[in-house]
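# Results of the structural survey
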Amino acid sequence: MVSRSYSNLLELASGEAPSPSFGRMSQRIPRIMTVAGIMSDLDDDGSESVCSDPSSSSAQKDRIIVVANQLPIRVQRKTDGSKGWLFSWDENSLLLQLKDGLGDDEIEVIYVGCLKEEIHPNEQDEVSQILLETFKCVPTFVPPDLFTKYYHGFCKQQLWPLFHYMLPLSPDLGGRFNRLLWQAYVSVNKIFADRIMEVINPEDDFVWVHDYHLMVLPTFLRKRFNRVKLGFFLHSPFPSSEIYKTLPIREEILRALLNSDLIGFHTFDYARHFLSCCSRMLGISYESKRGYIGLEYYGRTVSIKILPVGIHMGQLQQVLSLPETEAKVSELVQQYNHQGRTLLLGVDDMDIFKGISLKLLAMEQLLLQHPEKQGKVVLVQIANPARGKGKDVQEVQDETNSTVKRINEVFGRPGYQPVILIDKPLKFYERIAYYVVAECCLVTAVRDGMNLIPYEYIISRQGNERLDKVLKLDSSTPKKSMLVVSEFIGCSPSLSGAIRVNPWNIDVVADAMDSALVMPEPEKQLRHEKHYRYVSTHDVGYWARSFLQDLERTCKDHVRRRCWGIGFGLSFRVVALDPNFRKLSMEHIVSAYKRTTTRAILLDYDGTLMPQNAIDKKPSAKTIEIIKTLCRDKNNMVFIVSARSRKTLADWFPTCEKLGIAAEHGYFLRMNQDEEWETCIPEVECCWKEIAEPVMQLYTETTDGSVIEDKETSMVWSYEDADPDFGSCQAKELLDHLESVLANEPVTVKSGQNIVEVKPQVCTFLS
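In this text the structure is predicted, and so the values were computed from the model without any measurement.

### Regarding the overall build of the chain
If you tally the helices and strands in the chain, you get 24 helices and 28 strands. By residue count, 52% of the 767 residues in the chain fall in the buried class. Here the analysis covers contacts within the chain between residues at least 6 apart in sequence; of these, 71% occur between residues at least 24 apart. Working note: accessible area of the chain is about 35,400 Å², and carbon and sulfur atoms make up 50% of it.

### Topic: the packing of aromatic side chains
Inspection of every chain in the model, using the stated rule, returns 27 aromatic pairs. Note on F265 and F274: the rings are 5.4 Å apart at their centroids and 40° apart in plane angle, and the pair reads as tilted. A single burial state applies to F265 and to F274, both of which are buried. Ring geometry for W717 against Y719: centres 5.5 Å apart, planes inclined by 35°, an arrangement best described as tilted. Residue classification places W717 among the buried residues on the basis of a relative accessible area of 0%. These aromatic residues form a ring-pair network of at least three members: F147, Y150, Y151, F154, F177, W182 and Y185. One Lys or Arg, K156, reaches over the ring of W160 and ends 4.2 Å from the middle of that ring. The ring of Y593 has R599 lying over it, and the distance from NZ or CZ to the ring centre is 3.8 Å.

### A closer look at the pattern of salt bridges
In the structure shown here, the tally under the stated rule is 39 salt bridges. Two residues, R527 and E523, come together in a salt bridge whose shortest N-O distance is 2.8 Å. Of this pair, R527 and E523 both sit in helix α18 (residues 521-537), separated by four residues, roughly a single helical turn. Of the charged contacts, one joins R599 and D633 as a salt bridge, the two residues approaching to 3.3 Å between their closest N and O atoms. Within this pair, whereas R599 is found in strand β20 (residues 599-604), its partner D633 is found in the loop between α21 (621-632) and β21 (636-641), the two being separated by 34 residues in sequence. Classification of R599 as buried rests on a relative accessible area of 11%. A network of salt bridges, in which partner residues are shared, links E439, R461, K480, E521 and K524.

### Looking at the side chain of E364
With respect to the secondary-structure elements, E364 resides in helix α12 (residues 356-369). Its relative accessible area of 15% is what places E364 among the buried residues. E364 has contacts with R406, I407 and F411, leaving out every residue within four places of it along the chain.

### Here's the deal with the sheet that holds strand β5 (residues 137-139)
Taken together, nine strands build an open sheet; the order of strands is β5-β4-β1-β6-β7-β8-β11-β10-β9 and the sheet is mixed. Only two strands of the sheet have a single partner each, and these edge strands are β5 and β9 (286-289). With direction set aside, neighbouring strand axes in the sheet form an average angle of 25°. The pairing of strand β8 (residues 262-265) with strand β11 (residues 300-306) spans four bridges and is classified as parallel. Each bridged residue has a counterpart across the sheet, and for L262 the counterpart in β11 is S303. Across the face of the sheet, helix α2 (residues 94-102) comes into contact with β1 (62-70), β4 (107-114) and β6 (206-210) while running at roughly 175° to β4.

### Examining a nonpolar patch on the surface
The grouping of L584, M586, I589 and V590 at the surface amounts to a nonpolar patch, some 400 Å² of accessible area in total. Its location among the elements puts I589 in helix α20 (residues 586-595).

### With respect to a negative patch on the surface
There is a patch of like negative charges on the surface, built from E657, D674, E675, E676 and E678. With respect to the helices, strands and loops of the structure, E676 is situated in the loop between β23 (668-670) and β24 (678-679).

### As for the confidence of the model for the chain
For the chain, mean pLDDT is 87; residues scoring 70 or higher make up 90% of the total. Counted against residues more than four places away or in other chains, residues 1-31, with its pLDDT under 50, gives 100 contacts. The low-confidence segment residues 33-58 (pLDDT under 50) makes 59 contacts with residues lying over four places distant or belonging to another chain.

### Some thoughts on the pairing of strand β28 (residues 755-760)
Of all six residues in β28, five are buried; the element is thus mostly enclosed. When strand β26 (residues 715-718) meets β28, the two strands line up antiparallel, connected through four bridges. Across the sheet, residue V716 finds its bridge partner in β28, namely E757. Both strand β27 (residues 747-752) and β28 contribute to a ladder of six bridges, which runs antiparallel.

### Overview of unusual backbone geometry
Of note, the phi angle at Y298 is positive, near 55°, even though the residue is not glycine. Relative to the helices and strands, Y298 is located in the loop between β10 (292-297) and β11. Relative accessible area serves as the criterion here: at 34%, Y298 is assigned to the partly exposed category.

### Digging into the pairing of β10
Moving residue by residue along a regular strand, the side chains alternate between the two faces of the sheet. With four bridges joining them, β9 and β10 adopt antiparallel strand pairing. Paired with K289 across the two strands is Y292, which belongs to β10. Between β9 and β10, which pair antiparallel in sequence order, lie two residues; one of them, R290, sits at a positive phi of approximately 50°. Of the pairings in the sheet, the one linking β10 to β11 comprises five bridges and is antiparallel in character. In the sheet register, G294 faces β11, and the bridge partner there is S303. Joining the antiparallel neighbours β10 and β11 is a turn of two residues, in which Y298 adopts a positive phi near 55°.

### Description of the sheet that holds strand β12 (residues 342-349)
Strand order in this open sheet of six strands is β14-β13-β12-β15-β16-β17, and the pairing throughout is parallel. Lying at the two open borders of the sheet, with one neighbouring strand each, are β14 (419-422) and β17 (499-501). Each strand axis lies, on average, 20° off the axis of its neighbour in the sheet, ignoring direction. In the sheet, strand β16 (residues 483-486) pairs with β17 via three bridges, with the strands oriented parallel. Residue pairing for β17: S486 is matched across the bridge by V501.

Criteria and thresholds
Residues numbered from 1 in each chain as written. Predicted model: local features only at pLDDT ≥ 70, side-chain atom pairs only at ≥ 80, totals over all residues. Heavy atoms only, no water. Helix = DSSP H or I, 4+ residues; strand = E, 2+ residues; numbered from the N terminus. Buried < 20%, exposed > 50% of the residue type's maximum accessible area, 1.4 Å probe, protein only. Contact = heavy atoms within 4.5 Å. Areas by Shrake-Rupley, 256 points an atom, 1.4 Å probe, with all protein chains shown as cover. Phe/Tyr/Trp six-rings, centres within 6.5 Å; stacked < 30°, edge-to-face > 60°. Lys NZ or Arg CZ within 6 Å of the ring centre and 35° of its normal. Salt bridge = Lys/Arg side-chain N within 4 Å of Asp/Glu carboxyl O. Pairing = 2+ DSSP bridges. Axes fitted to C-alpha atoms, helices over the stretch in contact; angles between N-to-C directions. Patch = residues over 30% accessible without salt bridge, like charges linked within 9 Å, V, L, I, M, F, W, Y side chains within 5 Å. Lys, Arg positive; Asp, Glu negative; His and termini not counted. Charge placed at Lys NZ, Arg CZ, Asp CG, Glu CD. pLDDT = per-residue confidence, 0-100.

Printed below as a string of structure tokens:
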């Protein structure tokens with residue numbers, strides 16, 4: 001572990017020193033973020049600096065390093081002819097809103113990420129210094145060709161489609177796996193790790209990594225600092241195991257994520273898919289304790305957090321109060337409401353997963369099925385510029401344009417176009433104005449992450465007094481809003497009052513649009529009230545504080561653990577053990593062995609002499625030879641200890657004459673091959689097997705891959721080779737079934753690792 005005096009560029013730049021752990025995060029989480037807007041600048045007043053020594057400062061700040069692909073910074077060249085750059089905060093960035101939600105007074109936030117513009121190597125040092133001192137941002141500079149392979153290559157052509165359920169079944173459908181792009185992805189993650197090393201106080205700081213661009217970064221950080229306090233949040237969907245396991249480097253990414261302390265997902269479905277992948281591909285099961293989900297990974301507990309992100313209430317309400325917003329709302333009211341037209345709104349990025357074309361087809365179907373709505377209903381589709389590049393983006397643009405043109409030609413008339421496509425960038429207040437006027441918002445992505453468009457729409461429809469006057473609404477009248485949302489977006493479970501649809505079913509989407517228009521006003525108001533209550537109390541500040549509080553809880557025992565790093569490359573992981581544990585030294589073992597004259601050597605079989613996942617369970621010739629060598633030493637008493645039957649063990653070790661065997665957990669003992677088998681307790685009756693065997697046989701027939709092992713004193717139902725989820729489900733049912741039918745028998749029924757076992761009560765202590 002590197003000490004807390006590790007070199008810190010931020011300290012060198014501003015005179016500040018590391019701060020202690022998240023002491024304040026244990027306070028109650030506010031339900032609403034009350035900060036009104038985004039701070040445009042950070043004050044580097046030295047009076048607020050914090051020293052790592054608690055006695056040297058009366059005001060201490062917690063510190064977190066937020067890591068993402070892009071910094072929340074806008075960049076542009078100076079236009080006055082001088083060299084250099086102009087920097088400002090990007091108020092629309094979730095990362096900046098996260099900081100605003102945490103509050104400057106309690107937590108110091110440092111950002112690590114790339115800039116949106118390429119900076120020449122000669123300017124990088126100066127830019128780094130400016131961003132560090134002024135914005136507390138640490139830019140990560142990646143060579144352009146490497147960045148293209150990393151971002152536009154591996155991230156956008158391989159991870160992004162796969163995580164949205166697109167399999168590369170052909171070269172034209174998604175991107176086939178390219179190991180060169182994967183190597184670029186790993187290289188960029190290493191560059192990020194190096195930048196974090198320059199600013200981190202490893203014993204104090206918390207690190208929060210965001211999204212799929214940096215999924216192997218946790219391994220590089222954990223390798224540098226075994227006790228790093230590390231959280232990761234995935235903002236995109238996580239696919240089911242059937243989709244994810246097609247990725248050639250599937251285990252590398254899973255193991256990298258498990259080097260985090262806390263992994264966050266927007267919905268239970270995403271978390272469930274991740275947990276299923278860990279179970280099926282790594283053999284790691286999870287359990288829930290007191291409401292927290294965790295996986296045990298080499299002695300470390302990796303916690304799973306399920307919490308949808310929220311919006312920045314203060315910023316949105318501030319934009320709603322702008323004169324520009326009021327003017328734009330007035331313009332839209334004149335354009336639509338005063339013309340007797342109802343506005344339906346769609347706001348989506350221009351990519352293949354947003355379902356824009358399906359939405360347009362549903363609009364076409366609505367106009368066909370309800371001719372009375374022609375001339376009265378308008379769909380405004382705002383298409384934000386695509387974030388990625390490629391053939392698929394161009395195809396979506398072409399299809400969207402042609403569909404809009406066809407619908408307008410068929411159903412349009414002078415002064416009326418049923419579909420208006422806005423494919424140029426809009427200012428935020430303009431988009432908000434459309435939300436305010438729209439009677440219904442349509443979000444019909446075929447697969448998406450959280451998607452905060454519905455949240456923004458709900459808050460915008462709540463409006464304020466000035467907007468009520470523009471809309472000619474009585475301020476005492478309850479507000480209303482209608483949402484038609486896809487079942488396949490992250491915010492859908494949170495919006496129980498929305499009309500949920502399968503976006504692939506055009507008829508159903510068209511019917512939902514009609515329902516949203518004709519629904520009685522009181523019901524619209526009721527749905528809006530329910531949504532507004534949730535969205536306003538689960539904003540981005542609540543989300544950030546809740547995540548960091550769980551991160552602190554997960555990391556609180558770090559200082560107590562003894563840690564060892566094992567493995568190479570992306571297989572690296574940390575073994576964490578109790579502080580009382582002492583690692584055996586080979587030199588000490590050999591020394592103690594040579595000093596003693598009487599030795600008892602007890603060898604477990606399954607999982608020790610024989611790997612747990614071995615197909616052939618018989619001992620190898622090399623294993624037998626080693627055991628025979630130990631047995632030849634007259635000072636040694638060697639025992640094989642196993643749950644297996646005495647017949648099986650005797651058949652496996654016929655040439656080890658002096659080997660002792662303890663079979664069936666020690667119920668049967670044999671000191672060596674020349675002696676008879678003994679029992680340590682009186683012989684037991686096993687008539688209960690006549691009841692248990694038919695029950696086990698029933699579950700064996702219905703669970704492919706399961707087997708029954710009939711021993712002399714017990715019966716075991718094993719599902720090691722069955723589907724892990726189905727096997728676990730069947731095991732719970734079998735356990736309950738056996739406990740019921742054997743309630744009056746002197747036996748114990750218990751479950752173990754991939755087994756359900758029945759044994760006499762008198763044998764229970766032997767396990």
